[in-house]
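# Overview (structure and organization)
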Amino acid sequence: MGKLWTADELLEKARGFQAACVIVAAAELDLFTALADRPASAATLAGRIEADERAVTVLLDALVALQVLRKRRNSYEVRTDIADLLTETSPASILPALRHQGNCLRRWGQLARVVNTGQPAKREPSIRGEAGDCESFIGAMNNFTESVAPQIVQRLSPLRFQRFLDIGGASGTWTIAFLLAAPDATGVLFDLPEVVPLARKRLMRANLADRVTFVAGDFSIDPLPGGADFAWLSAIVHQNSREQNLSLYAKVRSALVAGGTLVIRDIVMDASRTQPPAGAMFAVNMLVGTEAGGTFTFDEFEEDLRSVGFAGIELLYQDTAMNSLIRARKP
């Protein structure tokens, strides 16, 4: 028998959005950075972030109740551990990830309508605007992967490639990790025109930009740069339908030299599509956020990759979330 729920437990679960909205709003307003240098009253902070004083006061008190801020009389301050995570200048900042979650939250709030119509949620930019939201998304991809990338790359050892193709390379985090692991290799990072400059900045900070060719394009309509012997497709296929992925896999195969390898990093579901639980939740994220995206089983991956000419298809690692690895070879 499954879990026996009480009314209070269900209601508490449903109220989970409240704390999320409070923290995300503070991140979008960059409230933590505004408080990082010195404590301030609500009136002073409202002036700094150009916001309504009454609304800022309510938000600050909610953050204190969540133990994210401290309040001393009428002055608010950021805890040191929070400042490390939620200020713009901190190397450990997860602000991009929080802001990205805010954009997800706006779409999830439309879930009933999405289920009713079968159409993805209407996209509403945050107060940071579309360009700011794009930057948050790319930064979030780095937040989610930077700490785990070396471990994932290690799972693929020994690495034997000369030219690495990062398809939808986003923040450049994976290109960095693979090029550090293969000092004699070069890389090609392929992503949308508005994304490539963000990746270039990160590669320059890592002193690796001179080993990378940056190519702007859209993998849904453009051919991929050729000549690679290793292609990396990380957290991409869930954005597509199986039919769209067939086209993408065929493009990857064409871009690889004979004997080249494709590795897919993504969620891999069991046959019931309810495990892993994070994958079932992520399928909802794709439902509200894409026209036809979703999550797939290994059998579906294998069938689709084989149908476009890949061989030696294997599940290298089964993760409970996004870090499952599938490898395939171009004969």
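Residues numbered from 1 in each chain as written. Predicted model: local features only at pLDDT ≥ 70, side-chain atom pairs only at ≥ 80, totals over all residues. Heavy atoms only, no water.

## Observations regarding the packing of helix 7 (residues 95–108) against helix 14 (residues 277–289)
Using the following cut-off: All axes here are fitted lines through C-alpha atoms, helices being fitted over the stretch that makes contact, and every angle between N-to-C directions spans 0 to 180 degrees. Runs of H or I in DSSP of at least four residues are treated as helices and runs of E of at least two as strands, each being numbered from the N terminus. What sets the label is the angle itself: under 35 degrees gives roughly parallel, over 145 gives roughly antiparallel, 65 to 115 gives roughly perpendicular, and the rest give oblique. Between two residues, a contact is recorded if the distance between any of their heavy atoms is within 4.5 Å. Each residue gets one label: Ala, Val, Leu, Ile, Met, Phe, Trp, Tyr, Cys and Pro are nonpolar, Asp, Glu, Lys and Arg are charged, and the others, such as Gly, are polar.
Orientation of helix 7 relative to helix 14, taken along the N-to-C sense of each, is 75 degrees, at an axis distance of 9 Å. Viewed along their axes, helix 7 and helix 14 adopt a mutual orientation that is roughly perpendicular. Between helix 7 and helix 14, the residues in contact are Cys104, Arg107 and Trp108 and Met281, Val284, Asn285, Val288 and Gly289, respectively. Each residue belonging to the contact of helix 7 with helix 14 can be placed in one class, and the counts come to five nonpolar, two polar and one charged.

## Digging into the environment of Ala250
Here Ala250 is to be found in helix 13 (residues 242–255). Considering only alpha carbons, one finds Ala250 and Pro223, 27 residues apart in sequence, at a separation of 9.9 Å.

## Here's the deal with the packing of helix 13 against helix 15 (residues 298–307)
Pairs of packed helices are described in terms of their axes, by the angle between the two and the distance that separates them. Selection rule: Crossing chirality is assigned from the near helix's rotation relative to the far helix, an anticlockwise turn below a right angle marking it left-handed and a clockwise turn marking it right-handed.
Relative to each other, helix 13 and helix 15 sit at 45 degrees, their axes nearing to 9 Å. The orientation of helix 13 relative to helix 15 falls into the category oblique. Viewed along their axes, helix 13 and helix 15 form a crossing whose handedness is right-handed. Counting all contacts with helix 13, which are made through Arg242, Leu246 and Tyr249, the residues of helix 15 involved are Glu300, Phe301, Glu303, Asp304, Leu305 and Ser307.

## A closer look at the sheet that holds strand 6 (residues 212–216)
Sheet strands pair by backbone hydrogen bonding; their relative direction is either parallel or antiparallel. As a reminder of what qualifies: We call two strands paired when DSSP finds no fewer than two bridges between them.
One open sheet holds the seven strands; their spatial order is 6-5-4-7-8-12-11, and the pairing between them is mixed. Edge positions in the sheet fall to strand 6 and strand 11 (311–317), since each has one partner strand and no second. Taken over all neighbouring pairs, the strand axes of this sheet differ in orientation by 20 degrees on average, direction set aside. Note: strand 8 (residues 256–266) against strand 12 (residues 324–329), six bridges, orientation antiparallel. In the strand pairing of strand 12, Thr261 is matched with Arg329. The strands touched by helix 11 (residues 173–181) within the sheet are strand 4 (163–167), strand 5 (186–191), strand 6, strand 7 (228–234) and strand 8, with strand 4 carrying the most contacts at an inclination of about 160 degrees. Against the sheet, helix 12 (residues 196–205) makes contact with strand 5 and strand 6, and its axis sits at roughly 165 degrees relative to strand 6, the strand it touches most.

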